Amino acid sequence: SNRLFYFAIPPNVFAETGGAIKYTCMSPNGFSRMIVEKPFGRDLESCKDILQRLGQHFDEQSLYRIDHYLGKELVQNLMVMRFSNLWMENMWNRNCVQCIILTFKEPFGTEGRGGYFDQY
């Protein structure tokens, strides 16, 4: 089965999360892809460090880097994309999709996030 992981998490846990995914969730057959949402670090040095650490777990063809605004729109429009494309409707139905897991582990609102964005 093919698997897609979307990293909308702080960059300081990219490598740790990637390692956990590699050792527990990678598809034994099919592909596994990681979409990494920016920021990719605080500066060029931290970006290179993050990419090097992710590279220990995944080859380049498995990693996708995306701007968070582009990713947000894609995630918000998944249903529109599914039902407006006949070829996707045939693939994204109860007969072809075994499982979808969405995890949202933070409270709603932006309280307390200012410090995080001040780092990047």
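Details of the structure are given in the entry above.
To keep things clear, this report deals only with the structure shown in the data block. (Residues numbered from 1 in each chain as written. Predicted model: local features only at pLDDT ≥ 70, side-chain atom pairs only at ≥ 80, totals over all residues. Heavy atoms only, no water.)

### Some remarks on the sheet that holds strand E2 (residues 32–37)
Spatial ordering of the open sheet is given by E1-E2-E3, a layout of three strands whose pairing is parallel. The open sheet terminates on both sides in strands that have one partner only, identified here as strand E1 (3–7) and strand E3 (63–66). In this sheet, adjacent strand axes meet at a mean angle of 20 degrees when their direction is disregarded. Inspection of the sheet shows E1 paired to E2 by five bridges, in the parallel sense. Residue pairing for E2: Leu4 is matched across the bridge by Arg33. In this fold helix H1 (residues 14–24) packs onto E1 and E2, with an angle of close to 160 degrees to the strand it touches most, E1. (Pairing = 2+ DSSP bridges. Helix = DSSP H or I, 4+ residues; strand = E, 2+ residues; numbered from the N terminus. Axes fitted to C-alpha atoms, helices over the stretch in contact; angles between N-to-C directions. Contact = heavy atoms within 4.5 Å.)

### Observations regarding the pattern of salt bridges
Evaluation of the coordinates by the stated rule reveals two salt bridges. Here Arg53 ties to Asp49 by a salt bridge, and the two come within 3.5 Å at their closest N and O atoms. Of the two residues, Arg53 and Asp49 are both situated in helix H2 (residues 44–55); the distance of four residues between them amounts to about one turn of the helix. The exposure class of Asp49 is partly exposed, given its relative accessible area of 36%. We note a salt bridge from Glu60 to Arg65, for which the minimum N-O separation is 2.9 Å. Using a relative accessible area of 51% as the deciding quantity, one classes Glu60 as exposed. Among the residues examined, Arg65 registers a relative accessible area of 37% and is labelled partly exposed. (Salt bridge = Lys/Arg side-chain N within 4 Å of Asp/Glu carboxyl O. Buried < 20%, exposed > 50% of the residue type's maximum accessible area, 1.4 Å probe, protein only.)

### Observations regarding the environment of Gly30
If you trace the backbone, Gly30 turns up in the loop between H1 and E2. Taking the C-alpha atoms as reference points, Gly30 and Asn2, 28 residues apart in sequence, are found 4.7 Å from one another. Sequence-distant contacts of Gly30, that is, excluding residues within four places in its chain, are made with Ser1 and Asn2.

### With respect to H2
Taking 1.5 Å as the rise per residue, H2 with twelve residues should run 16 Å; its terminal C-alpha atoms sit 16 Å apart, in good agreement. Taken together, the buried positions of H2 are Ser46, Cys47, Ile50 and Leu54. Here the buried residues of H2 occupy an arc of 105 degrees about the axis, which is enough to place them on one side. Those residues of H2 that are exposed and aimed more than 90 degrees away from the buried face are Leu44, Glu45 and Lys48. Considering only its buried residues, H2 is in contact with E1, H1, E2 and E3. (Expected span 1.5 Å × (residues − 1). Arc of directions from axis to C-beta.)

### Structural notes on empty space enclosed by the protein
Counting across every chain of the model gives one cavity of 30 Å³ or more. The calculated volume of the largest cavity comes to roughly 30 Å³. Lining the largest cavity are Phe14, Val36, Phe40, Ile50, Leu51, Leu54, Leu63 and Arg65. Going through the elements one at a time, H2 and E3 are the ones with two or more residues in the lining of the largest cavity. Sorting elements by how many residues they give to the lining of the largest cavity places H2 first, with three residues. Grouping the constituent residues of the lining of the largest cavity by class yields seven nonpolar, no polar and one charged. (1 Å grid on protein atoms, 1.4 Å probe; cavity = no way out; pocket = protein on both sides within 12 Å on 5 of 7 lines; lining within 4 Å. Points joined across faces, edges and corners; volume = space filled by probe spheres on them. Nonpolar A, V, L, I, M, F, W, Y, C, P; charged D, E, K, R; others polar.)

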